[in-house]
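Commentary on secondary and tertiary structure
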Amino acid sequence: MPSRAPSPTRRPTHTSTHSPRPTASASSPTPRPTLPRPGELTPLPPSQESSLKSSGGGPETFIDFVNARSETVVVHWLDYGGQRQQYAILQPGQWYRQQTYVGHPWVVTNAQGVGLVCFLPAYETLRAVVR
């Protein structure tokens with residue numbers, strides 16, 4: 001059985017008398033979207049859906065929607081009136097590439113229609129990972 005080397009001892013780089021503030025309480029009803037990794041779009045909270053609608057004139061682009069959840073998700077385009085237009089249903093682990101335009105927001109919901117996350121397309125093709 002391979003042995004494991006002890007991990008090196010690290011010294012703190014600074015000392016502080018203040019404790020870090022929590023960003024969200026454990027009892028928060030809606031988890032905050034995680035920060036994007038390289039190559040990913042910034043996830044927006046589903047609460048922003050009501051303020052989003054498509055605007056014209058943006059260049060063509062693509063989004064790779066990735067379902068990283070253990071449940072089915074539904075991808076919707078938000079039209080010029082801010083109404084959902086269903087485009088795809090993704091099973092856990094599935095992904096697909098969607099042609100779109102900069103200025104056209106998207107919302108991803110669970111199978112019951114509850115918003116999970118919103119995305120705004122970028123000028124380059126990036127992944128919209130639903131976690």
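What you see is a predicted model; the values in this text were computed from it and never measured. (Residues numbered from 1 in each chain as written. Predicted model: local features only at pLDDT ≥ 70, side-chain atom pairs only at ≥ 80, totals over all residues. Heavy atoms only, no water.)

Digging into the confidence of the model for the protein
- With 74% of its residues at a pLDDT of 70 or more, the protein shows a mean pLDDT of 82.
- A low-confidence stretch, residues 1-30 (pLDDT under 50), is modelled with 3 contacts involving residues beyond four sequence positions or located in other chains. (pLDDT = per-residue confidence, 0-100. Contact = heavy atoms within 4.5 Å.)

Overview of the sheet that holds strand β6 (residues 115-119)
- With antiparallel pairing, the 4 strands of this open sheet are ordered in space as β3-β2-β5-β6. Strand pairing shows two members of the sheet lacking a second neighbour, β3 (84-90) and β6, which therefore form its edges. Looking at each pair of strands side by side, their axes are set apart by 25° on average, direction ignored.
- Two elements, strand β2 (residues 73-78) and β3, share 6 bridges in a ladder whose sense is antiparallel. When the bridges of β3 are listed, V75 appears paired with A88. (Pairing = 2+ DSSP bridges. Helix = DSSP H or I, 4+ residues; strand = E, 2+ residues; numbered from the N terminus. Axes fitted to C-alpha atoms, helices over the stretch in contact; angles between N-to-C directions.)

Looking at the sheet that holds strand β1 (residues 60-67)
- Across the sheet, 3 strands lie side by side as β4-β1-β7; this open sheet has mixed pairing. Each having just a single partner strand, β4 (95-101) and β7 (126-130) make up the two edges of the open sheet. For this sheet, the mean inter-axis angle between neighbouring strands, taken without regard to orientation, is 30°.

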